[in-house]
Amino acid sequence: MQWNVVIRIAGALAIALAVQHVSACADKPNQSDGDAKRFSVQLDGWLTKTKVASASVAVVRDGRLAFVAAAGHASPERAASPETLYNVASLAKPLTAEMSLRLLHDRHWSLDEPLDTWWVDPDIADDPRAKQLTARILLSHQSGFPNWRDGRLAFAFAPGTRFGYSGEGYEYLARALAARAGSGFESLMTKTVLEPLGMRRTVQTKQPWLHDQFAIPYDAEGHPMPPQFARSASAADDLYTTATDYAQLILSAMQGSGISKSLSAARQDIQVDRLHDLCGDRAPSRCPSAAGFGLGWEIFKIGNQRYLMHTGRDTGTFALAYFSPERQTGVVILTNSDQGAAVVLPILDHLALDPAFTDWLRELASGP
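Just so we're clear, the structure is a prediction, and the values are computed from it rather than from any experiment.

Participant: So what exactly am I meant to see when it comes to the environment of Asn-336 here?
Facilitator: Tracing the backbone through its elements, the reader meets Asn-336 in the loop between strand E11 (329-335) and helix H11 (344-351). Distance from Asn-336 to Val-88, taken between C-alpha atoms, is 8.9 Å for residues 248 residues apart in sequence. Filtering out sequence-adjacent residues up to four positions away, Asn-336 remains in contact with Ala-53, Ser-54, His-73, Ala-74, Tyr-86, Ala-215, Ile-216, Pro-217, Tyr-218, Gly-316 and Thr-317. Within polar-contact distance, the side chain of Asn-336 engages the backbone oxygen of His-73 at 3.3 Å.

Have a look at this one:
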């Protein structure tokens, strides 16, 4: 069952606090040459100390892919490499958001058009609140749906009235846009995003060539487990990709390619505020100046910089991706372990690309 790491990142990263000494004593990398080999050696040490099976890391600096490195074991028989595919769980959502925004741009559709003209889930066909659902509301997790339906889909609250993280909201949007476009969701994703961005090693369903190309999941004790694949393409979960491919997605989002300036600006704007939810009783000095959800990404404003982030976690896998449009930096971290969150802070500390953002993640990990 998928675990919503975006909303509970403090718990997911808490274990990383126990291994911060790993990064503190590591030599800083030469940021000018992006030495992937040297970084892989460091990464292998962190994996060993945290008992994480493997990781693949892509680093974006100055608006370009600086390097990709991998270490550890994709399976008991295979070492991980930058070509290894990982299940990135909820990191499927920003990909669906990219598809949605590109489709809206290409077809001259609006973020705020009610979707019921083209498709309505049969479970809510008689509920007048279905007429309130729009792409903006669904992408920013204001659908009113639970994360996953329990038998039948039903509203937990009125759409657009508050935040409520929902995989069902993304599945709903994908079905509505596919119906309007007259195409299957998987085909639409391929034509709209994967092919234009050159994401050739990203798949939504199991493919014949995948048998020795992906990282299998490992539990918290380091035991391998059966992999999980979606029976049909999911808009919210079970995406397999490489760190290199996912870096192409964040580069596209960073540059606003394939969509209008207004849509790009909307993606980087907080659509629903969550500052109080995340900061709680912390002093303002310990918090971002703004925090919430945008269109597909969680957004933190720290000083004059924005950081767009998403995480993903299923059994035996953890992934995190973030970027800053102002700083033109970003990192993708993919792991195949229940313990995967433990390597996040050591990696980000070592890279030292965005210390203010890393410190905020550490603050979240420290608890209230």
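Participant: How do you make sense of the pattern of salt bridges when you look at a structure like this?
Facilitator: Oppositely charged side chains may form a pair once their charged atoms are brought near each other. Per the stated rule, a full pass over the model turns up 19 salt bridges. For Glu-98, the salt bridge is made with Arg-267, and the minimal N-O distance between the two is 2.8 Å. You can see Glu-98 sitting in helix H4 (residues 92-107) and its partner Arg-267 sitting in helix H9 (residues 261-267), a full 169 residues away along the chain. Of the two residues, Glu-98 and Arg-267, neither departs from the other in class, the shared state being buried. In this structure, the salt-bridge partner of Arg-274 is Asp-277, at a minimum N-O distance of 3.8 Å. Take Asp-277: its relative accessible area is 52%, and that puts it in the exposed class. One continuous salt-bridge network, built from bridges that share partners, spans Asp-121, Asp-123, Arg-149, Arg-152 and Glu-168.

Participant: Looking at this model, I keep getting lost on the sheet that holds E11. Mind explaining?
Facilitator: Hydrogen bonds along the backbone pair up the strands of a sheet, which may run parallel or antiparallel. Read from one edge of the open sheet, nine strands run E3-E2-E1-E11-E10-E9-E8-E7-E6, paired in antiparallel fashion. Of all the strands in the sheet, the pair left with one neighbour each is strand E3 (78-79) and strand E6 (272-273). Inspection of the sheet shows strand E10 (residues 317-324) paired to E11 by seven bridges, in the antiparallel sense. Bridging from a neighbouring strand, Leu-320 pairs with Ile-333 of E11.

Participant: Before we go on, may I ask you to explain the nonpolar core in this structure?
Facilitator: Considering soluble globular proteins, one finds that nonpolar side chains tend to be buried as a cluster. Ranked by internal contacts, the top residues of the largest apolar core, which has 69 residues, are Leu-111, Tyr-246 and Val-332. Excluding residues within four positions of it along the chain, Val-332 makes contact with Ser-56, Val-57, Ala-58, Ala-243, Tyr-246, Ala-247, Ile-250, Leu-320 and Ala-321.

Participant: Whenever I open this one, the layout of surface pockets confuses me. Can you help?
Facilitator: To locate leftover empty space, one rolls a probe as large as a water molecule over the atoms. Quantified by volume, the largest pocket comes out at close to 450 Å³. Residue lining of the largest pocket: 21 residues in total, with Trp-148, Glu-171, Ala-230, Ser-232 and Ser-234 positioned closest to the centre. Among the elements of the structure, helix H6 (167-181) and helix H7 (185-197) are those that each provide at least two residues to the lining of the largest pocket. For the lining of the largest pocket, the leading source of residues is H6, giving five residues. By residue class, the composition of the lining of the largest pocket is eight nonpolar, four polar and nine charged.

Participant: It is not clear to me how the environment of Ser-143 should be interpreted in this structure. Could you clarify?
Facilitator: Relative to the helices and strands, Ser-143 resides in the loop between helix H5 (135-139) and H6. We classify Ser-143 as buried; its relative accessible area is 1%. Sequence separation between Ser-143 and Gly-164 is 21 residues; the distance between their C-alpha atoms is 7.3 Å. A polar side-chain atom of Ser-143 sits 3.1 Å from the main-chain amide nitrogen of Phe-145.

Participant: Can you walk me through helix H3 (residues 36-50) in this structure?
Facilitator: An α-helix turns once per 3.6 residues; consequently, residues spaced three or four apart project the same way. Here H3 contains 15 residues, and its C-alpha end-to-end distance of 21 Å stays within 8% of the 21 Å for a straight helix at 1.5 Å per residue. All of the buried residues along H3 are Phe-39, Ser-40, Leu-43, Trp-46, Leu-47 and Thr-50. Buried positions in H3, seen along its axis, are confined to an arc of 125° and lie on one side of it. In H3, those exposed residues whose orientation departs by more than 90 degrees from the buried face are Lys-37, Val-41, Thr-48 and Lys-49. Just downstream of H3 lies Lys-51, where phi reads positive at about 60°.

Definitions and limits used
Residues numbered from 1 in each chain as written. Predicted model: local features only at pLDDT ≥ 70, side-chain atom pairs only at ≥ 80, totals over all residues. Heavy atoms only, no water. Helix = DSSP H or I, 4+ residues; strand = E, 2+ residues; numbered from the N terminus. Contact = heavy atoms within 4.5 Å. Polar contact = N/O pair within 3.5 Å; in protein donor to acceptor, adjacent residues only side chain to side chain. Salt bridge = Lys/Arg side-chain N within 4 Å of Asp/Glu carboxyl O. Buried < 20%, exposed > 50% of the residue type's maximum accessible area, 1.4 Å probe, protein only. Pairing = 2+ DSSP bridges. Core = buried A, V, L, I, M, F, W, Y, C linked by side-chain atoms within 4.5 Å. 1 Å grid on protein atoms, 1.4 Å probe; cavity = no way out; pocket = protein on both sides within 12 Å on 5 of 7 lines; lining within 4 Å. Points joined across faces, edges and corners; volume = space filled by probe spheres on them. Nonpolar A, V, L, I, M, F, W, Y, C, P; charged D, E, K, R; others polar. Expected span 1.5 Å × (residues − 1). Arc of directions from axis to C-beta.

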